[in-house]
Amino acid sequence: MVTLTHYLILSFLLFSIGVAGVLIRRNIIIMLMSMELIFNSVNISLAAFSYYLHSLSGTIIVIFNITIAAAEVAIGLAILVAVYRRRKTVYVDELNKLRY
Amino acid sequence: MYIWALLILPLFSAVLITLVTRRHKDLSSYISIGAVLACFFIVLPIFLRFVGAPHTEHLEGSFRWIGVPGMLVEIGYLIDPLSVLMLFIVTFVGTLIHIYSRGYMHDDPGYSRFFACLSLFIFSMLGIVLANNLIMIYIFWELVGLSSYLLIGFYFEKPAASDAAKKAFLVNRIGDFGFALGICVIFYASGTFNFLEIAHQVHAGHLSPNTMLLGSLLLFCGAVGKSAQFPLHVWLPDAMEGPTPVSALIHAATMVAAGVYMLARISFLLYAAPPAATTVIAYTGAITALGAALLALGQSDIKRVIAFSTLSSLGYMVMSVGVGSATAGMFYLMTHAFFKALLFLCAGSVIHACHTNDIWHMGALSPKLKITATTFILGSLAMMGVFPFSGFWSKDEILSAAFANGDMVLYGAGVLTAFITGIFMTKLILVTFFGKKRYHGSPHESPPSMTIPLIILAVFAVFVGLVGIPSLHPNFGSFLGLHGAEHGAEHGFNMTVAISSTIVVFAGIIIGFLTYYTGTIDPDKMYKRFRGPYRLLENRFYIDHFYDNFIVAKIYNQVARISTFIEVNIIIHFCINGPAYLIRHAGLFLRSTITGGVQHYTFFMVTGVVVLIIVYALT
């Protein structure tokens, strides 16, 4: 029997993996992917709550989220491409010019 | 209401010249002359009305400037015989000197600035004269100080001139400090600044004798500074660095006399106070009169000789107030304004012709400068007090008052001063205008704009004394109507005094004549025999040295050092730089967290969230 707890544990694991990815990986594309992971872990928990609490609002938020995430990724990738063209690198430790 | 125009016109002229017409020299001078001339024509009918009916009620008008419960500060005017007389002197002499300046300053680069400053001065001086209360007189007192500062330092690119301007300003500040304290004392005791109300309270006996003594001595400090009395006399000789018309107008005829005017204004207080007050005033005046006359002997700069004679005259006036006759002081002030302005303007004319101030580079100028020489001699005779020139009558009034006062030291000092004045004025005339030719180039008489004021002033210098002939009635004294001290107020023409002063003056003239004209008394031999005293005179009794080397170097500089220590270390380093240093270093530390690494920021953020979760979980 799959309960709400299982979904929440899955969501937590995905979230932790995502945070670890953002903190550890230097490649900006991987960091973006890790953020998507964080995003989707939240979606999972929302969908699970929606199912188990018999409420549609969670599902609706998930659908909104996916839409917004698509737009956000488009912008993020566009910026990323622009940065790469200019700086010829995708490693965040080399993208540190915005400092004192 | 037209009385306010006396203040508005000169101020407007000063502002207009400064802001608008500075580049147009002629226009500027006409505006300035026009303003002072208009003032003269406003004053003239009032003056004539008062002369026609001396016991006319005074006019007073004022508006409230600052009014808080318990204190009322007004800006107002008080027109009585005393202020009308002074208004007449200031506007009349002022007009002549403005006209003279047009010729004297003709190709000076600061021409318009000069006239702007003169207008500012006329504004301030008229403010002092009109003032009906102590606060207003104090404000305008400082304003004349400012215009005096601006005009002494007129040639500010010359170090001597800018130093002299600073010296005048600072020395006056000492006197003005006492003046301000005096105003506080009087206000504290009487609750008002208004002269008439203070007079009323004094007559009603509401002020205790000690308060009046303290108040009058402190107010006298102001006069000591402004009228250059010993020991604050040091600024006046240096003030001769300014242009000559300025010396004539400000440092002889009007501003320096403001101290005496102020004493006459508060004479009700001086004479009601314990006699110690007037004694201090009289002795200060006598020391100044005698000391300055001696110092004038040792000078060879034409303007400085006249400057020291001015000091001496101011000493006379102050002594006169001190011996109980403010009337005689004001009378001397009036005659002095005419003959001293005349002497200075003549000196200006001579300097204009010879381009030097040193009388030993002049000599035999009388054929070249006929008008100047004649008027100068007339002015000097008035200054020496030869019968029947104006100085005779006014000096005689003062000496009679001193004689009647019964203090023979003061009387002796006065007579001795008259004697020495005779010597140095004779020397000045003979060395400058007669004797051997020692000048260079070809001096020529000044233009009419300069000589006409000389002639007008000379006429006044000769005849103005006649209004004070004691046997006349009404005469100057009854016109002024000041209440003198009981002992000094009523004294007639004293034959003994008149004859003795005439004798000593002629003795002085004869000694001067024998020394500097016939050479019977050889000045060089005298110089060798009295080398010590002569050096003392040349160095002005070393008073300036004493101030420079002791007061300034020892006391003042030590105080300055302590103040500097406090200022630099406590105020600047601790209070101002301290917080700045703290904030700067906090900023330096905090900016090291801005690394530009995205992952660092993320790390801080996640750590923060984790900490929040832990805190939430624990509580």
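Rules used throughout
- Residues numbered from 1 in each chain as written.
- Chains lettered and ligands numbered in written order.
- Predicted model: local features only at pLDDT ≥ 70, side-chain atom pairs only at ≥ 80, totals over all residues.
- Helix = DSSP H or I, 4+ residues; strand = E, 2+ residues; numbered from the N terminus.
- Rg over C-alpha atoms; globule rule 2.2 N^0.38 Å.
- Buried ≥ 20, exposed ≤ 12 C-beta atoms within 10 Å, placed from the backbone.
- Expected span 1.5 Å × (residues − 1).
- Contact = placed C-beta atoms within 7 Å.
- Nonpolar A, V, L, I, M, F, W, Y, C, P; charged D, E, K, R; others polar.
- Axes fitted to C-alpha atoms, helices over the stretch in contact; angles between N-to-C directions.
- Parallel < 35°, antiparallel > 145°, perpendicular 65-115°, else oblique.
- Left-handed = near helix turned anticlockwise from the far one by under 90°.
- pLDDT = per-residue confidence, 0-100.
- Pairing = 2+ DSSP bridges.

> Requested: an account of the overall build of chain A, with residues and values cited.
The secondary structure content of chain A amounts to three helices and zero strands. The helix and strand sequence of chain A, counted from the amino end, reads α-α-α. The C-alpha radius of gyration of chain A comes to 17 Å, more than 25% above the 13 Å expected for a compact globule of 100 residues. Expressed along its principal axes, the backbone C-alpha trace of chain A runs to roughly 50 × 25 × 25 Å. For chain A, the residues scored as buried account for 13% of the 100 residues in total.

> Before we move on, could you go through helix α5 (residues 134–152) of chain B and cite the residues and values that matter?
Its 19 residues place the ends of α5 of chain B 26 Å apart at the C-alpha level, agreeing with the 27 Å of an ideal helix rising 1.5 Å per residue. Most of α5 of chain B sits out of view: 15 of its 19 residues are buried.

> Can you tell me about the interface of chain B and chain A, naming the residues and giving the values?
Listed per partner, the contact involves 10 residues of chain B and 10 residues of chain A. Looking at side-chain class alone, the side of chain B that touches chain A contains four nonpolar, five polar and one charged residues.

> So what's going on with the packing of helix α6 (residues 159–190) of chain B against helix α8 (residues 209–226) of chain B? Residues and values would help.
All names here are of chain B. Remark: α6 packs on α8, axes separated minimally by 7 Å, with the N-to-C direction vectors making an angle of 155°. As judged from the angle between their axes, α6 and α8 are roughly antiparallel. Here the hand of the crossing between α6 and α8 comes out left-handed. Here Val 171, Asn 172, Ile 174, Gly 175, Asp 176, Gly 178, Phe 179, Leu 181, Gly 182, Val 185, Ile 186 and Ala 189 of α6 come into contact with α8, specifically with Thr 211, Leu 214, Gly 215, Leu 218, Leu 219, Cys 221, Gly 222, Val 224, Gly 225 and Lys 226. Counted by class, the contact of α6 with α8 contains 12 nonpolar, eight polar and two charged residues.

> So, the confidence of the model for chain B: which residues are in play, and what are the values?
Residue and element names in this part refer to chain B. Residues of chain B with pLDDT of at least 70 account for 96%, and the chain-wide mean is 85. Note on residues 485–490: pLDDT under 50 across the span, and 14 contacts to partners over four residues away in sequence or across chains. Our summary of model confidence lists the complex with pTM equal to 0.76 and ipTM equal to 0.86.

> Tell me about the pairing of strand β1 (residues 59–68) of chain B, residues and numbers included.
Residue and element names in this part refer to chain B. With zero of 10 residues buried, β1 lies mostly on the surface of the structure. When β1 meets strand β2 (residues 71–79), the two strands line up antiparallel, connected through nine bridges. Following the sheet pairing, Val 68 is matched in β2 by Met 71.

> So what about the packing of helix α17 (residues 390–405) of chain B against helix α18 (residues 408–433) of chain B? Which residues, and what values?
Residue and element names in this part refer to chain B. At a minimum axis separation of 8 Å, α17 and α18 run at an interaxial angle of 155°. Compared by their axis directions, α17 and α18 come out roughly antiparallel. The interaxial crossing formed by α17 with α18 has left-handed handedness. Here α17 contributes Lys 395, Ile 398, Leu 399, Ala 402, Phe 403 and Asn 405 to the contact with α18, which in turn contributes Leu 410, Tyr 411, Gly 414, Val 415 and Ala 418.

> If you had to explain helix α10 (residues 244–253) of chain B to someone new, which residues and values would you point to?
Given 3.6 residues per helical turn, the α-helix brings residues three or four places apart onto the same face. All names here are of chain B. Where burial is concerned, most of α10 is hidden: 10 out of the 10 residues are buried. Those residues of α10 not exposed but buried are Thr 244, Pro 245, Val 246, Ser 247, Ala 248, Leu 249, Ile 250, His 251, Ala 252 and Ala 253. Buried residues along α10 sit against α3 (81–104), α4 (111–130), α5, α9 (235–238), α14 (302–322) and α15 (326–354).

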